[in-house]
Amino acid sequence: MRRFPASVFGVGEEPDPRFSMANERTFLAWTRTGLALIAGGVALEVLGLDLHPGLRLAASLLLIIAGTAVAPLAWWEWMRAERAMRQSRPLPGAFSSVVLAVVVATVGLLVVAGVLWR
């Protein structure tokens, strides 16, 4: 029986199902994070908080773009981890976590600047 994606399931040996399921739960958590970022960006703009309009828009767009990018990044991270487990290699570092941390910090700074510069 063929499973998708073949680039993941076509290599190595089947890992312990508990590890594969944990990897899938991590993928789903990243997906929920992406949805939350999109919702936060929409809410920030729609609620029209008393912030500097340009900075509010920049923070909103950054959240929406980051939330949209999280889904393919989550898929990529899931594939990397699953492939590593199947090949008995060490798990890769979480590149997406660093990117997300930078985005959230930047949005926080934009909101603080928006509050101070209104």
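Given the structure is predicted, the values throughout are model-derived calculations rather than measurements.

Draft legend 1. Up close: helix 2 (residues 17-46). Here helix 2 contains 30 residues, and its C-alpha end-to-end distance of 43 Å stays within 8% of the 44 Å for a straight helix at 1.5 Å per residue. Burial in helix 2 covers these residues: S20, N23, W30, G34, L37, G41 and L44. Check the buried side of helix 2 and you find it contacts helix 3 (53-86) and helix 4 (95-116). One or two residues past the end of helix 2 sits G48, with phi positive at roughly 60°.

Draft legend 2. View of the packing of helix 3 against helix 4. Between helix 3 and helix 4, whose axes approach to 10 Å, the crossing angle comes to 170°. In this view, helix 3 runs roughly antiparallel relative to helix 4, as classed from their interaxial angle. Between helix 3 and helix 4, the residues in contact are L55, A58, A59, L62, L63, A66, V70, L73, W76, E77 and R80 and F95, S96, L100, V103, T106, V107, L110, V111, A113 and G114, respectively. Residues belonging to the contact of helix 3 with helix 4 are distributed by class as follows: 16 nonpolar, 3 polar and 2 charged.

Draft legend 3. Spatial organisation of the packing of aromatic side chains. Scanning all chains against the criterion turns up 5 aromatic pairs. Taken together, a centroid distance of 6.1 Å and an interplanar angle of 70° make the contact between F27 and W75 edge-to-face. On the criterion of sequence distance, the pair formed by F27 in helix 2 and W75 in helix 3 is long-range, its members being 48 residues apart. A residue is classified by how much of its surface remains accessible, and W75, at 32% relative accessible area, is partly exposed. Taken together, the ring pairs in this structure connect F4, F9, F27, W75 and W78 into an aromatic cluster. Of note, R3 hangs over the ring of F9, and the distance from its end group to the ring centre comes to 4.0 Å. Above the plane of the ring of W76 lies R80, whose end atom (NZ or CZ) is 4.6 Å from the centre.

Rules behind the numbers
Residues numbered from 1 in each chain as written. Predicted model: local features only at pLDDT ≥ 70, side-chain atom pairs only at ≥ 80, totals over all residues. Heavy atoms only, no water. Helix = DSSP H or I, 4+ residues; strand = E, 2+ residues; numbered from the N terminus. Expected span 1.5 Å × (residues − 1). Buried < 20%, exposed > 50% of the residue type's maximum accessible area, 1.4 Å probe, protein only. Contact = heavy atoms within 4.5 Å. Axes fitted to C-alpha atoms, helices over the stretch in contact; angles between N-to-C directions. Parallel < 35°, antiparallel > 145°, perpendicular 65-115°, else oblique. Nonpolar A, V, L, I, M, F, W, Y, C, P; charged D, E, K, R; others polar. Phe/Tyr/Trp six-rings, centres within 6.5 Å; stacked < 30°, edge-to-face > 60°. Lys NZ or Arg CZ within 6 Å of the ring centre and 35° of its normal.

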